[in-house]
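In case you want the letters, here they are:
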Amino acid sequence: MLLHLVTPASLTTPVLASSRFSLRLGKVPVNSSTFPYNSRGPSFVLRPMSWLGKLGFGNRATGTMDSSSVSSIAQGPDDDIPASGQEFAQFGAGCFWSVELAYQRVPVVSKTEVGYSQGLLHNPTYDDVCTGTTNHSEVVRVQYDPKECSYETLLDVFWSRHDPTTLNRQGNDVGTQYRSGIYYYTPEQEKAARESVEKQQKVLNRRIVTEILPAKKFYRAEEYHQQYLEKGGRFGFKQSTEKGCNDPIRCYG
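Residues numbered from 1 in each chain as written. Predicted model: local features only at pLDDT ≥ 70, side-chain atom pairs only at ≥ 80, totals over all residues. Heavy atoms only, no water.

Caption draft 1: Fine view of the packing of aromatic side chains. Counted by the stated rule, this structure contains 9 aromatic pairs. With centroids separated by 3.9 Å and ring planes inclined at 20°, the aromatic side chains of Trp97 and Tyr228 adopt a geometry described as stacked. Of this pair, Trp97 sits in helix α2 (residues 96–104) while Tyr228 sits in helix α6 (residues 228–231), and the two are 131 residues apart along the sequence. There is no split in this pair, since Trp97 and Tyr228 are both buried. Among the aromatic residues, those joined into a ring-pair cluster are Phe91, Tyr103, Tyr151, Phe158 and Trp159. The ring centre of Phe88 lies 4.2 Å from the NZ or CZ of Arg141, which sits over that ring. (Phe/Tyr/Trp six-rings, centres within 6.5 Å; stacked < 30°, edge-to-face > 60°. Helix = DSSP H or I, 4+ residues; strand = E, 2+ residues; numbered from the N terminus. Buried < 20%, exposed > 50% of the residue type's maximum accessible area, 1.4 Å probe, protein only. Lys NZ or Arg CZ within 6 Å of the ring centre and 35° of its normal.)

Caption draft 2: Geometry of the sheet that holds strand β11 (residues 211–214). Spatial ordering of the open sheet is given by β11-β10-β5-β7-β6-β12, a layout of 6 strands whose pairing is mixed. Each end of this open sheet is capped by a strand with a single partner; those strands are β11 and β12 (219–220). Taken together, the 4 bridges between strand β5 (residues 87–93) and strand β10 (residues 180–184) define a ladder with antiparallel strand orientation. Paired with Phe91 across the bridge in β10 is Ile182. Contacts between α2 and the sheet are confined to β5, β6 (109–117) and β7 (137–144), with β6 contributing the most and set at about 165° to the helix. Contacting β5, β6, β7 and β10, helix α4 (residues 151–160) crosses the sheet at an angle of about 15° to β5. (Pairing = 2+ DSSP bridges. Contact = heavy atoms within 4.5 Å. Axes fitted to C-alpha atoms, helices over the stretch in contact; angles between N-to-C directions.)

Caption draft 3: Layout of the environment of Ser137. The residue Ser137 is located in strand β7 in this model. Of the residues examined, Ser137 reaches a relative accessible area of 0% and is grouped as buried. With 43 residues separating them in the primary sequence, Ser137 and Gly94 have C-alpha atoms 8.5 Å apart. Contact partners of Ser137, with chain neighbours within four places excluded, come to Gly92, Gly115, Tyr116, Ser117, Gln177, Arg179 and Tyr183.

And the structure:
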């Protein structure tokens, strides 16, 4: 049976539903030489999730959130504390698996975690996020030493890993959780982020849709998501986290 996601006309993607997989027939990905994350074409995308949830028919009976589900905690700031001498940075750039691996390879990044942020629901699960009703973004939270690594260096990695001009999608991944976002912790980070957007916009011929917002409560994703590609991904092909490694990153490998 052919179903259609209820999205703006420009983002509508036919989905063939089954209990095991989804075939996405989305737009042709952007030039892979510019955005290596989007190097794969339309394909079978197998993800460890509830596909009913992905289509909005998941654990929540109505597939929508009512006002009683909105949490002030989720909308509050990220109050976690980094290690001594370290700072946090938080980015959303599509599927968090490949973005995390890119930051794991940065020499002065001491820790990475993937999770959910910017949403309305307290303690969301992956299935919750995949309903598209909680407004969470898949994010990577990076811990780094600002004396050894500039925030601009982390921004360079962010821009290199995704297409910031596609609204709520990266390649075959479609949904608000895949939106482009820079979530800042300090006024200095905000300033650098906005200047970076202006710089990037001058070299792109399409409008950047990256959101720049204060970092909100960070909900660490389920353990199997953490360092997913380092562990071997879906097919057991472990990818190197060696600092400075330039091996191609296969998001679904």
